[in-house]
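Each chain is listed here by its residues.
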Amino acid sequence: ITLCEVGLRDGLQNEKTILPTQEKVDLLHGLVDAGFKVIEVGSFMHPKAVPQMADTDEVFKAVGQIPGVELRALIPNLRGVQRAVDCGCKKVKLNVSASRQHNLKNLNMTPEQSVAGFAECVKAAGEHGIAISGSISMPFGSPWDGRIPLADVESIIEAYLNVGITEISLSDTSGMAVPNQVYEMCAHVAEKYPQVSWWLHFHNTRGLAIANIMAAMEAGMTQFDTSFGGLGGCPFVPNAAGNISTEDVLNLCEESGIETGVDCLKIMELSKRVRD
Ligand code: ZN
């Protein structure tokens, strides 16, 4: 399986302390040294909305490109693509909420309308040689809408496919997913949309993240986001507790004979450094 380390983005954005840019750069090199081939470095949100990520551009400029390692950033819109171009970031990820009420309240648009608006991002990214993916937050459940109907999730997946995005993350931002639901949705979408490269992103709000990862693996999923030290959550979702910790997933994999290519001891050292 392949893990994407999201601690530098999803982890740090939920911490009160803002790390200096150089510390982020050092941590990023530590993650690469530990074996990560995919890392979410930060986001190009408005600095007032997420001050912890205000220096993402500087981190990318300092690190440059690392051969064999994908360094990605979360973006809200076209402005995010422009910032990626300016700082040398080569991979961006868009996001929409599968929770209709949430999306309507925040953006006054249905999730499908939001995704259709991403066409300009796909075009701009393509013109600059930047790869682009999409994520769907709360496809399993939201504090506003409860369980999300599968048809709603499918219609967002199809909206992404319509604008040319074929790498899609199902992001359980609210941590409301349960294993049987994860298994069913993963098996279903993997079969229905074989052209999609899937990522799964779980939060441990109700203690089920590791069980959900196992359920997704059993349904054939192979790409997962994890956060070293279990850092972070989501500042926009009330009480959303930490991401699934990288160390827990590495332990599960090592003890089950599943290759990740990531050295757990090195990650534990990095986590300790951030906590101290
Ligand atoms: Zn998250």
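Residues numbered from 1 in each chain as written. Predicted model: local features only at pLDDT ≥ 70, side-chain atom pairs only at ≥ 80, totals over all residues. Heavy atoms only, no water.

Visitor: Quick question: what am I supposed to make of the coordination of the zinc ion here?
Guide: In an ideal octahedron of six donors the angles at the metal are 90 or 180 degrees, and in an ideal tetrahedron of four donors they are 109.5 degrees. Here the zinc ion is held by the protein donor atoms D10 (OD), H201 (NE2) and H203 (NE2), which lie 1.8 to 2.1 Å from it. For the zinc ion, all donor residues lie on one chain, and their spacing in sequence is D-x190-H-x1-H. The two residues H201 and H203 agree in class, both being buried. (Donors = N, O, S within 2.8 Å, 3.2 Å for Na, K, Ca; no water. Buried < 20%, exposed > 50% of the residue type's maximum accessible area, 1.4 Å probe, protein only.)

Visitor: How should a negative patch on the surface be read in this particular structure?
Guide: On the surface, a cluster of negative charge is contributed by E254, E255, D263 and E269. Tracing the sequence through the fold places E255 in helix α11 (residues 246-256). Owing to a relative accessible area of 66%, E255 belongs among the exposed residues under this scheme. (Patch = residues over 30% accessible without salt bridge, like charges linked within 9 Å, V, L, I, M, F, W, Y side chains within 5 Å. Areas by Shrake-Rupley, 256 points an atom, 1.4 Å probe, with all protein chains shown as cover. Salt bridge = Lys/Arg side-chain N within 4 Å of Asp/Glu carboxyl O. Lys, Arg positive; Asp, Glu negative; His and termini not counted. Charge placed at Lys NZ, Arg CZ, Asp CG, Glu CD. Helix = DSSP H or I, 4+ residues; strand = E, 2+ residues; numbered from the N terminus.)

Visitor: Please explain unusual backbone geometry as it appears in this structure.
Guide: Among all residues save glycine, negative phi is the norm, and among peptide bonds the norm is trans. Unlike most non-glycine residues, N108 shows phi in positive territory, near 60 degrees. Note that N108 resides in the loop between α5 (100-107) and α6 (111-116). If you check the backbone angles, M138 has positive phi at about 60 degrees while not being a glycine.

Visitor: Explain the pattern of salt bridges to me, please; I cannot follow it from the model alone.
Guide: A side chain with one charge may pair with a side chain of the opposite charge, provided their charged atoms come close. This model, assessed by the stated rule, comprises 16 salt bridges. Among the charged side chains, a network of salt bridges with common partners joins R9, D10, E40, R72, K93 and D225.

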